[in-house]
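Survey of secondary and tertiary structure
Given next are the chains, with one letter for each unit.
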Amino acid sequence: MVSVELVSAGDTDLLVVRVAEQRCGLPTERVEQVLRACAVSPLPGAPAWVAGAINLRGRVAAVVDLRARLGLDPRPLSPTDHFVIVTVRGRPLVLRVDQALDLVTVCAAQIEQAEESFEGRPLAGAVAMPDGLLFVYDLERFVSEAEQSKLEELLE
């Protein structure tokens with residue numbers, strides 16, 4: 001069981017994305033851009049949850065398949081998918097999602113914060129929205145420091 005506590009007051013801006021049938025909230029302070037999906041080049045030696053790499057404004061960036069990372073059923077890349085460009089530990093990371101849906105602002109006091117990962121997922125907390133529960137993810141925990149170091153080696 002995940003223990004929760006309420007976080008302090010203030011507003012939190014979230015990018016709401018859909019991955020399979022889940023709605024996920026990504027803190028916007030880490031989000032740089034949302035793009036339509038494009039062809040991904042294979043990245044030999046990368047973990048199964050890495051779809052490959054793309055050229056991101058002259059810099060090679062790893063593409064993380066959130067379906068694979070969250071343990072959900074795989075699906076081939078589609079032109080309707082979106083790439084969410086985020087910054088993790090000062091490095092760009094591309095998150096493949098089924099669809100970017102909306103930007104929302106929630107009162108931070110409404111987010112029940114998770115103290116640890118839920119079912120191995122880097123869950124920061126959850127917030128009840130009028131149309132259902134929104135899981136808020138901790139982008140720093142999508143990729144561990146060791147995993148990021150390995151990805152950087154592969155990208156060089």
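Keep in mind that what you see is a predicted model, and the values were worked out from it rather than measured.

What counts, and where the lines are drawn
Residues numbered from 1 in each chain as written. Predicted model: local features only at pLDDT ≥ 70, side-chain atom pairs only at ≥ 80, totals over all residues. Heavy atoms only, no water. pLDDT = per-residue confidence, 0-100. Contact = heavy atoms within 4.5 Å. Pairing = 2+ DSSP bridges. Helix = DSSP H or I, 4+ residues; strand = E, 2+ residues; numbered from the N terminus. Axes fitted to C-alpha atoms, helices over the stretch in contact; angles between N-to-C directions. Buried < 20%, exposed > 50% of the residue type's maximum accessible area, 1.4 Å probe, protein only. Salt bridge = Lys/Arg side-chain N within 4 Å of Asp/Glu carboxyl O. Core = buried A, V, L, I, M, F, W, Y, C linked by side-chain atoms within 4.5 Å. Phe/Tyr/Trp six-rings, centres within 6.5 Å; stacked < 30°, edge-to-face > 60°. Lys NZ or Arg CZ within 6 Å of the ring centre and 35° of its normal.

Across the protein chain, pLDDT averages 85, with 89% of residues at or above 70. In this model residues 1-8 is a low-confidence stretch, pLDDT under 50, and it forms 22 contacts with partners more than four residues away in sequence or in other chains.

With that settled, consider the pairing of strand β2 (residues 11-19). Pairing analysis gives eight bridges linking β2 to strand β9 (residues 99-107), with the strands arranged antiparallel. Considered in β9, the bridge of valine 17 is made with alanine 100. One ladder, built from six bridges, connects β2 with strand β3 (residues 22-27); its direction is antiparallel. Paired with arginine 18 across the strands is arginine 23, a residue of β3. In sequence, β2 turns back onto β3 through a hairpin of two residues, with alanine 20 there showing a positive phi of about 60 degrees.

Pairing is mixed across the open sheet formed by five strands, whose spatial order is β4-β7-β8-β6-β5. The sheet is open, and its two edges are formed by β4 (31-36) and β5 (50-56), each paired on a single side. Ignoring which end each strand starts from, the neighbouring axes of this sheet average 30 degrees apart. Its contacts with the sheet place helix α2 (residues 145-155) against β5, β6 (59-65), β7 (82-88) and β8 (91-97), and it is angled at close to 130 degrees to β6.

Burial of β6 is extensive: five of the seven residues sit out of reach of the surface. Across six bridges, the pairing between β5 and β6 is antiparallel. The residue of β6 that forms the bridge with isoleucine 54 is alanine 61. The loop that links β5 with its antiparallel partner β6 comprises two residues; one of these, arginine 57, has a positive phi angle of about 50 degrees. As judged from the three bridges shared by β6 and β8, these two strands associate in the parallel manner. Directly across from valine 63, in β8, lies its bridge partner valine 94.

Tallied over the entire structure, the rule returns 12 salt bridges. Close ionic contact of glutamate 140 with arginine 30 constitutes a salt bridge, the shortest N to O distance being 3.2 Å. Of the two residues, glutamate 140 sits in the loop between β12 (132-137) and α2 while arginine 30 sits in the loop between β3 and β4, which places them 110 residues apart along the sequence. Look at glutamate 140 and you get partly exposed, because its relative accessible area is 22%. Note on arginine 30: relative accessible area 33%, which makes it partly exposed. The shortest N-O distance in the salt bridge between arginine 69 and glutamate 147 comes to 2.7 Å. Within this pair, whereas arginine 69 is found in helix α1 (residues 66-69), its partner glutamate 147 is found in helix α2, the two being separated by 78 residues in sequence. The class for glutamate 147 is partly exposed, based on a relative accessible area of 25%. Through salt bridges that share partners, Arg18, Asp65, Arg67, Arg75, Asp81, Arg96 and Asp98 make up one connected network.

All right, on to the nonpolar core then. Counting residues in hydrophobic clusters, the biggest one holds 29 residues, and the most contacted among them are Val17, Val19, Leu26, Val84, Leu93, Leu95 and Phe142. Those elements that provide at least two residues to this core are β2, β3, β5, β6, β7, β8 and α2. Apart from residues lying up to four places away in sequence, leucine 95 is in contact with Leu26, Val64, Leu66, His82, Phe83, Val84, Val86 and Leu139.

Next up on the list: the packing of aromatic side chains. Tallied over the full model, the rule gives zero aromatic pairs. Over the face of the ring belonging to tryptophan 49 we find arginine 69, whose NZ or CZ atom lies 3.9 Å from the ring centre.

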